[in-house]
Each structure stands twice: as structure tokens, then as C-alpha cells.
Amino acid sequence: MKAVYLHVPFCDSICAYCDFCRIITNEDTKSKWMAQIIEEIKQKNIHEVDTLYFGGGTPSSLTCEQFKKIASLFNVSKEFTVECNPESLDLEKIQLYKKLGVNRISLGVQTFNDRLLKVINRKHRKEDIFQVIQLLKENGIDNISIDLMYALPEQSLEDIKKDLENFLDLDIKHLSIYSLQIEENSIFGRQNLKPVDEDIEADMYELICRTMEKAGYLHYEISSFCKPGYHSKHNLAYWQDEDFIGLGCGASGKENNVRYDNTRSLKTYIESGANPYIYEETQKDKAFNAIMMALRTTFGLDIQKWNQRYDQDFIKKYQSILEKYHDVLKLENGILYPSREAMEILNTILVDFLLID
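Along each chain, residue indices are assigned from 1 in the same order as the chain's sequence is written. Only residues with pLDDT of at least 70 are given local features in this predicted model, and only at 80 or more are side-chain atom pairs given and counted; all residues enter the totals for whole chains, interfaces and linings. As a convention, hydrogens and water are excluded, and side-chain values are obtained from all of the structure's heavy atoms.

S.K.: Which parts of the structure should I look at to understand the sheet that holds strand β12 (residues 252-255)?
M.R.: Hydrogen bonding along the main chain pairs the strands of a sheet, whether they run parallel or antiparallel. Spatial ordering of the open sheet is given by β12-β13-β14, a layout of three strands whose pairing is antiparallel. Either end of the sheet is taken by a strand with one partner, and the two such strands are β12 and β14 (277-278). Across two bridges, strand β13 (residues 258-261) lies against β14 in antiparallel orientation. Paired with Y260 across the bridge in β14 is I278. In this scheme, strands are said to pair when DSSP sees at least two bridges between them. Numbered from the N terminus, helices here are DSSP runs of H or I no shorter than four residues, and strands are runs of E no shorter than two.

Encoded structure:
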């Protein structure tokens, strides 16, 4: 298997915007989850993988002993990523991660602004971010990605500018950006928080794109920027229509081109396993999803691969769209590449794809 995602549902606190599958850390529950996740890995008979991604929740909330028990079950050949929060990382964990083959850290920063960190109920502060990144680099893990959020309550364009300045000062390989989405079951959702004005949100996104590209980062996916060679290898499985295994409650996967979501109920998971919900997608749905995900990235869509998988002639079927968007969608050597302008109007382009039977 090329790619495996493992969901760790535990958090030491709940962020105001979060609606992921997560629960406040409880050692008794965590112990029962550990037994089930190890059993699931063994049942799937997974060992040799290209990429392994521990997401959450907060994977760094696992103790060193717990993390070692799970990570030792895998042999990762290319990229082993662990999502971490600054306040839950220390020297002992970092050294263990390095020893066990972790070579990429995704750090949940969200903002460097201490005032805004309190607004969204994050438990770290700006100084924690700088300290943990220095620790990571000193211990041989320099492939670091951080998450930043925009369109937060009370956040200004000047706040975004300062966040980006702090990011660039740290000399980090990768940035992922996310606009605040008000989820119904999040704290913000229950508070009936209203989203920021769409024009302000668009201005923030444009500022981020302009600043990162000027600093030499590649805008290789709608929400992702990297230094050359430091794109997320794991996420390529999602974007390039590859299969990937999802482990644990709250995980999603795709095997034999069939998508599934594991149960979000920790109680159900502990008692009876993943209980996956299988998506009943038509061939048309799958073909469109492949186009949608590929055009999010500068890697583009492999036409021959798409034709073979979905038994269609892409060029013939979508000739009208290729002509309509010839100035922003470029076909070179069998790959359909989106330009920066295409990414900005991707939703409009995708609607046109959907309208063709």
C-alpha cells in the first residue's frame, strides 16, 4: 500500500472551530483505543508503506510508549508525517519520533497572534511555536509544515501580514492555509458566530498567495505552499486519485477506488471496530472527483490514466471546456495543468465539467 492515514482522536483541549472526530484525552479510553487500533492494523496486514500520516485530533497527545507501539508496526519508505500541537511536543517525543523514522512534522500553529490564539481556544502561545521549531531542527527534523488560518474572528489584514512575516522568519519548508469554516457542531457553530465578509476573506487569501510566491514558495495546491521538493508526498494520493487506507475511528480511505468513512463513534470503534460507511458512487461521480482533486494542484490531471480508469476519452468528452478555458487550462504531454488563474475560478470550471454527461 502506498499511503496510509491513521486518525488519533484525542485532544487535550477542544478548539473553538473544530468539528473533527475528537475527544478530550482520557487514559482509560485511550488504552482501549490503543488495543483496537493495533488490532485493526494487524487485520489489514499493513507493514510496508510509502507514506504514513498520523492525523487527528492531536497525535502528539500520545505518550512516547503509546506512539512507539503503533509506529513500530510500520516500515515507511518515503514520508512519515505526524500532526502535532506546539504545547504537546517536547524533547523526548521529538527524539523518539526521529528514531522511529518520522521525517515530517505538521504543526498546528493557526496564528502567531496570542490574542487570536485565545479567541480560537488554542493552548499554545507564540513563543512556544518558536521554541518547538528550534527543537525540531536541532534534532534533525527540518521538514516542517505549519497550518495557518485566516478569516478568524477579529482578524485583520495586518494580522495576516504579521503571521506571514513570522512564518518566513522561521525558514520553514511548507505552509498549509485554511479559512475559518463555521461548523454546526463546533463551539463557534453553537455560538452562532457569523463568518467574515467574503470580500475580506478573498483579500486575505490574495495577500497570502502574493506574499508566499514573492518569497519563493511554490503555490502547488489551492491551500498549500512549499519550497521546491517539499510538497506533501502523502497528500498526492488524495490529489492524484490513488488508493489509501484509513485507520481508526474518524478516518477516511479509498481502496479499489471505493471510498469509505470509518465510524466517528469512539464507543462503537472500541467495541466493534471501524464499521466503515461505504460510499455508493457512480462511475461518473468517481471520474468527476478525480478531475476535481487533480485540478486543485499544479501537478494536474494525467489524461491517459484517467481515460484508462474511467474508460472514456477525456479530450473528446470535454472539448468544449478545454476550448472555453484554453487560456487557463494548459494541455502538455498528456497532462492537463491548471494555471494560478484556473485555481482562483476552480469552482466555476468544475460546474462546467459537471454539466457534461
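S.K.: Just to check I follow, could you spell out the nonpolar core for this structure?
M.R.: Generally speaking, soluble globular proteins have nonpolar side chains that are buried together. Put simply, buried Ala, Val, Leu, Ile, Met, Phe, Trp, Tyr and Cys residues joined by side-chain atoms within 4.5 Å make one nonpolar core. Three exposure classes are used, based on accessible area relative to the maximum for each residue type with a 1.4 Å probe and protein chains only: buried under 20%, partly exposed in between, and exposed over 50%. W33 and I146 are the most contacted members of the largest nonpolar core, which totals 89 residues. Per-element accounting of this core gives the leading share, six residues, to helix α8 (residues 198-214). Non-local contacts of I146, meaning those with residues more than four positions away in its chain, are made with L107, V109, F112, I133, F167, I172, H174, L175 and S176. Working rule for contacts: check all heavy atoms of both residues, and any pair within 4.5 Å makes them a contact.

S.K.: Where do I start with the sheet that holds strand β10 (residues 224-226) in this structure?
M.R.: One open sheet accounts for nine strands, arranged β9-β10-β8-β7-β6-β5-β4-β1-β11; its pairing is mixed. Because the sheet does not close on itself, it has two edges, and the strands there are β9 (218-221) and β11 (245-247). Each strand of the sheet is rotated relative to its neighbour by a mean of 20 degrees, with strand direction disregarded. Pairing of strand β7 (residues 144-150) with strand β8 (residues 174-179) involves six bridges; the strand directions are parallel. Residue pairing in the sheet places M149 in a bridge with Y178 of β8. Axes, fitted as lines to C-alpha atoms, cover a helix only where it is in contact. Angles between the N-to-C directions of the axes lie from 0 to 180 degrees.

S.K.: Teacher, can you tell me more about a negative patch on the surface here?
M.R.: The patches reported here contain residues having more than 30% relative accessible area and no salt bridge. Joining distances are 9 Å for like charges and 5 Å for nonpolar side chains (Val, Leu, Ile, Met, Phe, Trp, Tyr). Residue burial considers only the protein chains on display, and all accessible areas are found by Shrake-Rupley using a 1.4 Å probe. Any Lys or Arg side-chain nitrogen found within 4 Å of a carboxyl oxygen on Asp or Glu counts as a salt bridge. Just so you know, the count uses Lys and Arg for positive and Asp and Glu for negative, and it drops His and the chain ends. Every charge is mapped onto a representative atom, which is NZ of Lys, CZ of Arg, CG of Asp or CD of Glu. There is a patch of like negative charges on the surface, built from D197, E198, D199 and D203. Checked against the element boundaries, E198 lands in helix α8.

S.K.: Help me understand helix α3 (residues 91-99), please; the structure alone is not making it clear to me.
M.R.: One turn of the α-helix equals 3.6 residues, which is why residues spaced by three or four share an orientation. All buried positions along α3 are accounted for by K93, I94, L96 and Y97. Along the long axis of α3, the arc covered by the buried residues comes to 165 degrees, so they all point the same way. Among the exposed residues of α3, those pointing more than 90 degrees away from its buried face are E92 and K99. Against the buried residues of α3 lie α2 (64-71), β5 (75-84), β6 (104-110) and α5 (126-138). A 3.5 Å cut-off defines polar contacts: any pair of N or O atoms within that distance qualifies, except that in protein one atom must be a possible hydrogen donor and the other a possible acceptor, and neighbouring residues in sequence count only when both atoms are side-chain atoms. Of the residues flanking the start of α3, the one acting as N-cap is D90, its side-chain oxygen 3.3 Å from the backbone nitrogen of E92. Downstream of α3 by one or two residues, G101 has phi in the positive range, about 100 degrees. This arc corresponds to the set of directions leading from the helix axis out to the C-beta atoms.

S.K.: Would you mind going over α5 with me for this structure?
M.R.: Helix length check: α5, at 13 residues, gives a terminal C-alpha distance of 19 Å against a target of 18 Å (1.5 Å per residue), a fit within 8%. If you check which residues of α5 are buried, you get I129, V132, I133 and L136. Each buried residue of α5 sits inside an arc of 100 degrees when the element is viewed along its axis, so together they form one side. Among the exposed residues of α5, those oriented more than 90 degrees off its buried face are E127 and E138. Its buried side turned inward, α5 meets α3, β6 and β7. Note on α5: the residue one or two positions beyond its end, G140, has a positive phi of about 85 degrees. Helix span is expected to be 1.5 Å times the residue number reduced by one.

S.K.: Can you help me understand the packing of aromatic side chains in this one?
M.R.: Any pair of aromatic rings gets described here by the distance separating the centres and the angle formed by the planes. Here the aromatic set is Phe, Tyr and Trp, taking the six-membered ring for Trp, and pairing holds for ring centres within 6.5 Å; pairs whose planes are under 30 degrees apart are stacked, those over 60 apart are edge-to-face, and all others are tilted. For the coordinates displayed, the defined rule picks out 19 aromatic pairs. Ring centres of F54 and F67 lie 5.3 Å apart, and the angle between their planes is 55 degrees; this geometry places the pair in the tilted category. On the criterion of sequence distance, the pair formed by F54 in strand β4 (residues 48-56) and F67 in helix α2 is long-range, its members being 13 residues apart. Each member of the pair, F54 as well as F67, carries the same accessibility label: buried. The interplanar angle of 65 degrees and the centroid separation of 4.6 Å between the aromatic rings of Y238 and F244 together place this pair among those described as edge-to-face. When its relative accessible area of 23% is taken as the criterion, Y238 is described as partly exposed.

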